[in-house]
Amino acid sequence: MPITISKRAQAIKPSPTMTVSAMAKKMTAEGYSIVNFGVGEPDFNTPEYIKQAAHQAIDDNFTRYTISAGILELRQAIAEKLKRDNDLEYTPDEIIVSPGGKAAIITILTAICDPGDEILIPAPYWVSYPSQVEMLDGKPIYLPTDETTNFKFTPAQLQSVLKSLAKPKALILNSPNNPSGAVYSKEELLAIGKVCLEHNLTVISDEIYEKLVYGEARHYSIAQVLPPMRDNTILINGVSKAYAMTGWRLGYAAGPREVIKKASAVQEHNASCVTSITQKAAVAALNHDDGSIERMRCEFQKRRDFLVSELQKIPLIKCPLPDGAFYAFPNVGRYYHKNKVGTNDSIRLCEYLLKEFHIALVPGVAFGCDECLRFSYANSMENLIEGIRRFKAGLESLG
Ligand SMILES: Cc1ncc(COP(=O)(O)O)c(C=O)c1O
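Please read all numbers here as calculations on a predicted model, not as lab measurements.

**Here's the deal with the pattern of salt bridges**
Under the defined criterion, the tally for this structure stands at 26 salt bridges. Between Arg303 and Asp43 there is a salt bridge, with the nearest N and O atoms lying 3.0 Å from each other. With Arg303 in helix 12 (residues 292-312) and Asp43 in the loop between strand 1 (35-36) and helix 3 (48-59), the pair connects residues that are 260 residues apart, well separated along the chain. Judged by its relative accessible area of 4%, Arg303 falls in the buried class. We classify Asp43 as partly exposed; its relative accessible area is 36%. In this structure, Glu299 engages Lys302 in a salt bridge whose closest nitrogen and oxygen atoms are separated by 3.4 Å. Note that Glu299 and Lys302 are positioned in helix 12 at a spacing of 3 residues, about one turn of the helix. Within the structure, one salt-bridge network assembled from shared partners comprises Lys81, Arg84, Asp85, Glu210 and Lys211.

Rendered as structure tokens:
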């Protein structure tokens, strides 16, 4: 008898990004030179001073389980970072360290979400939010946006959706946003926060791309601009994107003590704790600065400026300048209806561009926006130049 799969696992939808990325991997293995715009992580190495701290931790035999919420030294470093960068006061017992921002979010959702709870998710959204909510039997409620508002939802839209809901529990706010790069201003966060307070809505504020903002844009945290929101907010951040540490697996959540206490109890029974060595490396990352974050940010800004200006030159494409993260999210919908090869949705267009023009992109449908494609510019300038050349040729070929 085969082992039966649980209903919960059966309900998990395979990511629509997988077909295209599996195809890209296969073609690369077959010897094709693919320009990969699909990458969701910095292409830089982890800075030396952080790696040194990890070596030191191993040499010091700092290799045992730690307490579930994370070592005190690290939670203190996070508290200091939140004060320094975000003007927010948290004590170490209001902070939990998890194996990645992703794990921090599902741990927090497990602590606060009951079956049937409605979790508001602005679209486009990061792919894991809906699946995580569904795994906990919560109900994702989408707030659709498009390029006319730079992919930002409005407080009025939030008000009107809330009126129709039976069990609204939380809003997942992601600024800077993956995939759109949208960054909410101070004023926008203030207005959103007021609606959340009025409806007693919890905000899970995913700020993992905080350090990657460009030009005039500034990152603000919702509890920073509206202090009463502190009791309703769980802030998510981590070291993956800012410090080029995706493989180290460390994220964190800061929020009301009772929520963090329960989240730690949840984590005790799954991950136990984050790798001890990674925790020491993160202490170094947060407590020191050798200028590498700023160097990476400047490089990303150059690439963004190049990529987006090239995309904006293409007829029929609409692509607002993203203020943060390392993605561009052009609307290519007008190419769906006028082509001879039947590429009438984002998956088919991505498959076509990969097969015929050897560029890998992520279909917008994965993020809840089928009109768009996601470009990551976590790639060398040389690859961006070649990739955009192929992309233009691909669109022209549609006829
Ligand atoms: C918006 C967003 N949040 C959270 C994460 C999770 O990051 P990690 O688990 O690597 O810390 C990612 C990673 O791609 C992301 O894009």
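Structure shown, so let's carry the discussion forward.
**Notes on the packing of aromatic side chains**
Counted by the stated rule, this structure contains 14 aromatic pairs. Ring-pair connections join several aromatic residues into one group, and the members of that group are Phe44, Tyr209, Phe300, Phe326, Tyr327 and Tyr377. Residue placement shows Arg230 over the ring face of Tyr90; its charged tip is 4.2 Å from the ring centre. Across the ring face of Phe62, the terminal group of Lys280 is positioned such that the distance to the ring centre comes to 4.7 Å.

**Notes on the nonpolar core**
Residues Leu311, Leu361, Leu373, Phe375 and Phe391 are the most contacted members of the largest nonpolar core, which totals 43 residues. Among the secondary structure elements, those contributing two or more residues to this core are helix 2 (17-29), helix 12, strand 9 (327-328), helix 13 (346-357), strand 10 (359-360), strand 12 (373-376) and helix 14 (381-397). Discounting residues that sit within four places of it in the chain, Phe375 has contacts with Phe37, Leu307, Leu311, Phe326, Tyr327, Ala328, Pro330, Leu361, Ile388 and Phe391. Grouped together as the second largest cluster of nonpolar side chains are 32 residues, Ile50, Leu235, Ala242 and Met245 included.

**A few points about unusual backbone geometry**
Omega for the bond connecting Ala123 with Pro124 falls within 30 degrees of zero, at 5 degrees, which places this linkage in the cis form. Residue Asn178 is joined to Pro179 through a cis peptide bond whose omega torsion reads 20 degrees. In this fold, Pro179 is placed in the loop between strand 5 (168-174) and helix 8 (186-198). Although it is not a glycine, Asp137 adopts a positive phi angle of roughly 65 degrees. Backbone geometry at Arg249 places phi at a positive 65 degrees, although glycine is not the residue there. Locating Arg249 in the fold gives a position in the loop between strand 7 (233-238) and strand 8 (251-254). Overall, Arg249 belongs to the partly exposed group, its relative accessible area being 33%.

**Remarks on the packing of helix 5 (residues 101-112) against helix 10 (residues 257-268)**
Across the interface, helix 5 lies against helix 10 with an axial gap of 8 Å and an inter-helix angle of 110 degrees. The angle between helix 5 and helix 10 places the two elements in the roughly perpendicular class. Judged by the sense of rotation from one axis to the other, the crossing of helix 5 with helix 10 is right-handed. Contact with helix 5, carried on its side by Thr107, Ile108, Thr110, Ala111 and Ile112, involves Val259, Ile260, Lys262, Ala263, Val266 and Gln267 of helix 10 and no other residues of that element. The class makeup of the residues in the contact of helix 5 with helix 10 is 7 nonpolar, 3 polar and 1 charged.

**Concerning the sheet that holds strand 8**
Pairing in this open sheet of 7 strands is mixed, and the strands run 2-8-7-6-5-3-4 from one edge to the other. Two strands bound the open sheet, and with one partner strand each, they are strand 2 (95-98) and strand 4 (139-144). Between one strand and the next, the sheet's axes are offset by a mean angle of 20 degrees, whatever the strand orientation. Across 6 bridges, the pairing between strand 3 (residues 118-123) and strand 4 is parallel. The residue of strand 4 that forms the bridge with Ile119 is Pro140. This element, helix 5, spans strand 2, strand 3, strand 5, strand 6 (202-206), strand 7 and strand 8 of the sheet and lies at about 160 degrees to strand 7. Each of strand 2, strand 7 and strand 8 touches helix 10; the most contacted strand, strand 2, lies at about 25 degrees to it.

Rules and cut-offs
Residues numbered from 1 in each chain as written. Predicted model: local features only at pLDDT ≥ 70, side-chain atom pairs only at ≥ 80, totals over all residues. Heavy atoms only, no water. Salt bridge = Lys/Arg side-chain N within 4 Å of Asp/Glu carboxyl O. Helix = DSSP H or I, 4+ residues; strand = E, 2+ residues; numbered from the N terminus. Buried < 20%, exposed > 50% of the residue type's maximum accessible area, 1.4 Å probe, protein only. Phe/Tyr/Trp six-rings, centres within 6.5 Å; stacked < 30°, edge-to-face > 60°. Lys NZ or Arg CZ within 6 Å of the ring centre and 35° of its normal. Core = buried A, V, L, I, M, F, W, Y, C linked by side-chain atoms within 4.5 Å. Contact = heavy atoms within 4.5 Å. Axes fitted to C-alpha atoms, helices over the stretch in contact; angles between N-to-C directions. Parallel < 35°, antiparallel > 145°, perpendicular 65-115°, else oblique. Left-handed = near helix turned anticlockwise from the far one by under 90°. Nonpolar A, V, L, I, M, F, W, Y, C, P; charged D, E, K, R; others polar. Pairing = 2+ DSSP bridges.

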